[in-house]
Amino acid sequence: MSNTETSYDLMVIGAGMAGMAAALFASSRGLSVGLAGSVGGIDFSTGLIDLMAVHPLKDQRLWDDPWACIQALRGHSPQHPYALLEPESMSRAIDEFCSFLADMGMPMEGHTHKNTRILTAMGTAKHTFRAPRSMWAGAEALRSKAPCLLVDFHGLKGFSAAQIREVAGADWPGLRTKRIDFPGWKEELYPDHMATALHAPELRRILAEAVRPHLKGEQFVGFPALLGREQAEAVRADLEDLLGTRIFEIPTMPPSLAGSRLRAAFDRGLPPRGVRLYSQRMVLSQEALNDGGFRLRLGKERPETTIRAKAVILGTGRFFGKGLVAERGQIREPVFGLPVHQPVKREYWHSQDFYDPQGHELNQAGIETDSSLRPLDEHGKAAHPHLFATGSILAHQDWMRQKCGAGLAITTALKAVESAHDCLRTAPLSRDTTKETSSDMAELGKAVKA
């Protein structure tokens, strides 16, 4: 372990969508930022930005206008994290996030006040707020039911054009499919290898020649989302020129290439903005210091780096991201030992019906916060003035069923960053650190809030 400490204004814990967005927003506001956490979770993203589509859950009502849906949600679920955010701030967060992706060569498309229906690998239509431009023509094809050819490849697992037509073709008579060989590939296909290979113009020309004989006047051609890695939009546009039809990608099942594109964009784009990435490094221990900041020890199995931070944003996700840990009798938050809102008894974690459309009480578990997104202690007060939380670790939301995962991550990340920024500006750390002592915040977790 290094004997020296590296200091930041803000340390972000969690390298998923929420953590990456927080680091981006903080760096744009002039804060020095470190980010630690396990990468890979963001690979399970579809590449779509869902803001809000379903409310109330018991009725499974789908909304075309996400802002109207959020307004209705605020009235019925005042504890939902969205109830702590202003629509203007939420809209600004989405715009700033998408502007970054555009700078990284991943432009997004969408409407100001309307969700868009995107064709999925299951053949269903997903309501989303923003979609990669490489998928956008598919929304138009789905809406207009124009003649469309879906192409997949021999040897590619997890994506079947025929499966999509089986579900979506009932009211889309002009939807056809064709399975072809991927040019020059005889062994088992991997999306990552295929995407990288398509960066070569000659391979794209050969692929277009393989598809052209199967066109029967279709206006659209859909492929699985593997048309290039960092250059997806350029690959799609070139195929469009070569075939003379509108080309679009269909998001594949997770983990997906669309998700790894997002991770790669942050890996490329955050360091030039001054963000120090501690990839695959976990917070093994933490101390709350008397000067108002934190000392964090990072590493894999043993401490390797010591970080001193004026403020911390916790964006470690729920169970998949290990932001919450389910034990036999309780759910706990492992980094700071924060109280977790959870069902009173374990037998209430799940409903009798596993497929209950309302979900399970467990799906609403998480960290409760004040209006600045500061986690609450067992007394309902801010656990620490410089500690904030963002993303799916927040309580009283079911992002998966409400179709608000990426939107929740991005909009709460901006709120947490702006709260931290304001806090550091109006209440800077004590200058007297000579009498520094520390306290273990895990004490907070002794009383687990039911």
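None of the values given here were measured: they were computed from a predicted structure.

Draft legend 1. View of the side chain of Arg229. Considering the arrangement of structural elements, one finds Arg229 in the loop between strand S9 (220–224) and helix H8 (232–243). What makes Arg229 buried here is its relative accessible area of 17%. A distance of 2.2 Å separates polar atoms of two side chains, one belonging to Arg229 and the other to Asp192.

Draft legend 2. Inspection of the packing of helix H3 (residues 87–103) against helix H11 (residues 405–426) at higher detail. At a closest axis distance of 9 Å, the pairing of H3 and H11 adopts a crossing angle of 105°. Compared by their axis directions, H3 and H11 come out roughly perpendicular. Together, Ser89, Met90, Arg92, Ala93, Ile94 and Phe97 of H3 and Gly407, Ile410, Thr411, Leu414 and Glu418 of H11 make up the contact between the two elements.

Draft legend 3. Examining the sheet that holds S9 more closely. Reading across from one edge, S8-S7-S9-S10 is the order of the 4 strands in this open sheet, with parallel pairing throughout. At either end of the open sheet lies a strand with only one pairing partner, and these are strand S8 (175–180) and strand S10 (246–250). Sheet twist, expressed as the average angle between the axes of neighbouring strands with direction ignored, equals 25°. Two elements, strand S7 (residues 148–153) and S8, share 6 bridges in a ladder whose sense is parallel. Its bridge partner lying in S8, Cys148 is registered against Leu175. Packing of helix H5 (residues 161–168) onto the sheet brings it into contact with S7, S8 and S10, and relative to S8 it is tilted by some 170°.

Draft legend 4. Structural context of unusual backbone geometry. For the bond running from His55 to Pro56, omega is -10°, close enough to zero to count as cis. With respect to the element layout, Pro56 can be found in the loop between strand S2 (33–37) and helix H2 (66–76). Of the consecutive residues Pro254 and Pro255, the connecting peptide bond is found in the cis state with omega at -5°. In this structure, Pro255 sits in the loop between S10 and helix H9 (257–269). Residues other than glycine seldom take positive phi values, yet Gln60 does so here, at roughly 55°. Mapped onto the elements of the fold, Gln60 is located in the loop between S2 and H2. A positive phi is found at Gln280, a non-glycine position, where the angle reads about 60°.

Draft legend 5. Local environment of the pattern of salt bridges. Within this structure, the stated rule accounts for 33 salt bridges. In this structure, Arg92 and Glu418 form a salt bridge, with 2.8 Å as the shortest nitrogen-oxygen distance. Here Arg92, found in helix H3, pairs with Glu418, found in helix H11; they are 326 residues apart in sequence, far enough to count as distant. Given the relative accessible area of 29%, Arg92 is considered partly exposed. Glu418 gets classed as partly exposed once you look at its relative accessible area, which sits at 22%.

Draft legend 6. Looking closely at the domain arrangement of the chain. Entries for the chain in the domain assignment read domain 1 (6–102 + 259–426) and domain 2 (121–250). Between the C-alpha centres of domain 1 and domain 2 there is a distance of 34 Å. Taken residue by residue, the interface counts 20 residues in domain 1 and 17 residues in domain 2. Across the interface of domain 1 and domain 2, roughly 1300 Å² is buried in total on both sides, 56% from carbon and sulfur atoms. For domain 1, the biggest contributors to the area lost against domain 2 are Leu48, Ile49 and Arg261; these three give 40% of the whole. Remark: the boundary between domain 1 and domain 2 carries 2 salt bridges. A salt bridge links Asp50 to Lys126; its shortest N-O distance comes to 2.7 Å. Across the domain 1-domain 2 interface, the total number found is 7 residue pairs in polar contact (both at pLDDT 80 or more). Looking at the side of domain 1 that touches domain 2, the elements that each hand over two or more residues are H2, H3 and H9. A total of 4 residues in the side of domain 1 that touches domain 2 trace back to one element, the largest contributor, which is H9.

Draft legend 7. Geometry of the side chain of Ser27. Mapped onto the fold, Ser27 is located in helix H1 (residues 17–28). In this structure Ser27 comes out as buried when scored by relative accessible area, which is 13%. Those residues in contact with Ser27 that sit more than four places away from it in its chain are Val33, Arg273 and Val275.

Draft legend 8. The nonpolar core, seen in detail. Met11, Phe25, Tyr82 and Phe97 are the most contacted members of the largest nonpolar core, which has 88 residues in total. Residue contributions to this core peak at 11 residues, all from H11. When residues no more than four places from it in sequence are discounted, the contact partners of Phe25 are Ala93, Glu96, Phe97, Ile410, Ala413, Leu414 and Val417. Counting 42 residues, the second largest nonpolar core, distinct from the first, contains Leu175, Leu189, Phe220 and Leu243.

Draft legend 9. Up close: the environment of Gly228. You can see Gly228 is positioned in the loop between S9 and H8. With relative accessibility at 0%, the residue Gly228 sits in the buried group. Here the alpha-carbon distance between Gly228 and His214, two residues 14 residues apart in the chain, equals 22 Å. Not counting residues within four places of it along the chain, the set of residues in contact with Gly228 comprises Ala195, Leu198, His199, Val235, Leu257 and Arg261.

Definitions and limits used
- Residues numbered from 1 in each chain as written.
- Predicted model: local features only at pLDDT ≥ 70, side-chain atom pairs only at ≥ 80, totals over all residues.
- Heavy atoms only, no water.
- Helix = DSSP H or I, 4+ residues; strand = E, 2+ residues; numbered from the N terminus.
- Buried < 20%, exposed > 50% of the residue type's maximum accessible area, 1.4 Å probe, protein only.
- Polar contact = N/O pair within 3.5 Å; in protein donor to acceptor, adjacent residues only side chain to side chain.
- Axes fitted to C-alpha atoms, helices over the stretch in contact; angles between N-to-C directions.
- Parallel < 35°, antiparallel > 145°, perpendicular 65-115°, else oblique.
- Contact = heavy atoms within 4.5 Å.
- Pairing = 2+ DSSP bridges.
- Salt bridge = Lys/Arg side-chain N within 4 Å of Asp/Glu carboxyl O.
- Domains from an automatic or database assignment.
- Buried area = accessible area lost by both parts, 1.4 Å probe.
- Core = buried A, V, L, I, M, F, W, Y, C linked by side-chain atoms within 4.5 Å.

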